[in-house]
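Read off the chains here:
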Amino acid sequence: MTRTGESIRATRGARLPAPRGPLSDWLVDALADRTTADPPEAALRAPAPFGADLQLALYTCYELHYRSFAGVPAEREWDLSVLAFRAALERTFLQALRDSVPGVADPQEALAELLVDPVDGSGVADRLRDGGQRWQMREYLVHRSLYHLKEADPHAWVIPRLTGSIKAALVAVEYDEFGGGRGERVHQQLFADLMAGLDLDPGYLHYLDAVPAPMLAVVNLMSLLGLHRALRGGLVGHFAAAEISTPPSAKRMAEALRRMDAPPQCVEYYTEHIEADAVHEQVMRHDVLAALCQAEPELVPDVVLGIEATVLVEDRLAAHLLRAWDHDSSSLLLPLPDAPNGPRE
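Residues numbered from 1 in each chain as written. Predicted model: local features only at pLDDT ≥ 70, side-chain atom pairs only at ≥ 80, totals over all residues. Heavy atoms only, no water.

(A) Summary view of the nonpolar core. Counting residues in hydrophobic clusters, the biggest one holds 113 residues, and the most contacted among them are Leu97, Met137, Tyr140, Leu141, Leu257, Tyr270 and Trp325. Ranked by residues supplied to this core, first place goes to helix H15 (residues 300–326) with 14 residues. With near-sequence residues (within four places) excluded, Met137 lies in contact with Leu128, Leu198, Met253, Ala256, Leu257 and Met260. (Core = buried A, V, L, I, M, F, W, Y, C linked by side-chain atoms within 4.5 Å. Buried < 20%, exposed > 50% of the residue type's maximum accessible area, 1.4 Å probe, protein only. Helix = DSSP H or I, 4+ residues; strand = E, 2+ residues; numbered from the N terminus. Contact = heavy atoms within 4.5 Å.)

Below, the structure is given as C-alpha cells:
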C-alpha cells in the first residue's frame with residue numbers, strides 16, 4: 001500500500017458507528033435521518049460520564065467537526081438539536097473531569113509528575129518493550145489510531161485564540177506536527193505508515209467500533225477543549241502535557257518494535273517523536289504555557305485542568321489495557337483479523 005493510496009483512502013467518510021446505548025442510538029438514528037424524535041430524556045439525566053454510551057455519542061458529535069461520516073449532510077455539523085444534545089453530554093463529561101482531578105494551584109506543579117520518568121516500569125510502553133507480544137502491540141496501535149490519525153488537528157483550534165509570541169511558538173510546534181510542509185512527514189501519515197507496516201488498516205476511523213470507552217475519552221478530551229474558546233487554557237495544558245510525556249514513551253515503543261522485528265517504517269513514527277518532542281516540550285512549557293499563564297492569569301485553573309485531565313484519561317486507558325492483557329484477553333471490543341498468537345478466547 002503506497003503512502004499516496006493511504007492518504008487518499010483515509011479522506012473518505014467513515015460509516016456511522018454501531019450504537020452502544022440509548023444516547024448513541026438516538027444520535028446515530030438522527031444523523032441517518034431515521035428519527036425525528038427528541039433525545040431520550042431519561043438517558044440524559046444521569047449518564048455514566050466515562051461510560052461507552054456517552055463517550056461514543058460525544059465522539060460522534062465531535063466527529064462532525066472533523067471529517068464527519070458517509071451519508072451525513074454537511075449542514076448537520078450545526079444542527080441545533082445535535083448541538084444541544086452535545087452540550088448536555090459535555091456538561092456531564094466536563095463536570096466528571098473536574099471532580100476527578102486534584103486541581104492543584106500551579107501549572108508547573110501539575111506538570112511535575114510528567115517530568116519524572118517512573119522507575120517501576122509499569123506502564124503500557126514498558127510492558128510492550130519488556131515482554132509484550134505482537135498482538136498486544138497491534139491492539140495498542142488500534143486504540144491510538146483514533147488519536148494519531150487526527151494528531152495535532154484539535155490543537156490547531158487554539159491558534160486563532162492566541163496572540164503574539166505565544167501564538168508564534170505554538171504554531172512552530174504545530175508546523176513540525178504537520179510535517180514541516182511535507183505531506184509524507186505529517187505525523188498522521190507516519191502513523192498510517194506504521195499501521196500498514198503491521199498489517200493494520202490505516203483508514204481514518206476504520207476501527208471506531210472496536211475501540212472501547214477509555215480510548216474514546218482520550219480523544220473526546222482534546223475535542224472538548226479544542227471546540228470551546230472558553231477552555232483554550234485547557235487545550236494549551238493538554239498540548240503541553242502530551243508533548244512532555246511523549247519522548248520517554250516513544251523511546252520505549254521504538255525499542256519494543258525493534259524487539260518485535262517490525263519494519264523500519266513502524267519504528268520511524270516513534271523515533272521521529274523522541275527528538276522532536278523533546279524540543280517541543282521546552283517550547284510548550286516556557287514559550288506557550290508559562291507565557292499564557294502570565295498574560296492571562298485567569299486561565300490558570302483551566303490550564304491545570306487540561307494537564308491533569310490528560311493524565312487522568314491516559315491512566316484510565318492504561319489501566320484498561322493492562323487489566324485485559326494481564327488476563328491474556330483482548331482490550332478491544334472486536335477481534336482483529338489475522339492476528340497470529342493473539343489472546344485466548
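(B) Structural detail: unusual backbone geometry. The backbone of Ala152 shows a phi angle near 80 degrees, a positive value even though the residue is not glycine. By relative accessible area, Ala152 is classed as buried at 3%. The residue Asp328 is not glycine, and still its phi comes out positive at about 55 degrees. As for its position among the elements, Asp328 is in the segment after H15. Residue class for Asp328 comes out buried when judged on its relative accessible area of 16%.

(C) Spatial organisation of helix H2 (residues 22–31). Most of H2 is tucked away: eight of the 10 residues are buried. For H2, every residue scored as buried is listed here: Leu23, Ser24, Trp26, Leu27, Val28, Asp29, Ala30 and Leu31. Along its buried surface, H2 packs onto helix H3 (41–45), helix H4 (52–63) and helix H5 (80–100). The positive-phi residue at the C-terminal boundary of H2 is Asp33, with phi of around 60 degrees.

(D) Expanded view of the packing of aromatic side chains. Scanning the entire structure with this criterion turns up five aromatic pairs. Measuring from centroid to centroid gives 4.8 Å for Trp26 and Phe85, while their planes differ by 50 degrees, and the two rings are tilted. In this pair, Trp26 is assigned in helix H2 and Phe85 in helix H5, connecting sequence segments 59 residues apart. When sorted by exposure, Trp26 lands in the same class as Phe85, which is buried. Here the aromatic rings of Phe191 and Tyr269 are separated by 5.1 Å at their centres, their planes lie at 75 degrees, and the arrangement is edge-to-face. With a gap of 78 residues between them, Phe191 in helix H11 (residues 187–197) and Tyr269 in helix H14 (residues 264–295) connect regions that are remote in the sequence. What makes Phe191 buried here is its relative accessible area of 0%. Relative accessible area serves as the criterion here: at 2%, Tyr269 is assigned to the buried category. Put simply, the rings of Phe191, Tyr269 and Tyr270 pair up and form one aromatic cluster. (Phe/Tyr/Trp six-rings, centres within 6.5 Å; stacked < 30°, edge-to-face > 60°.)

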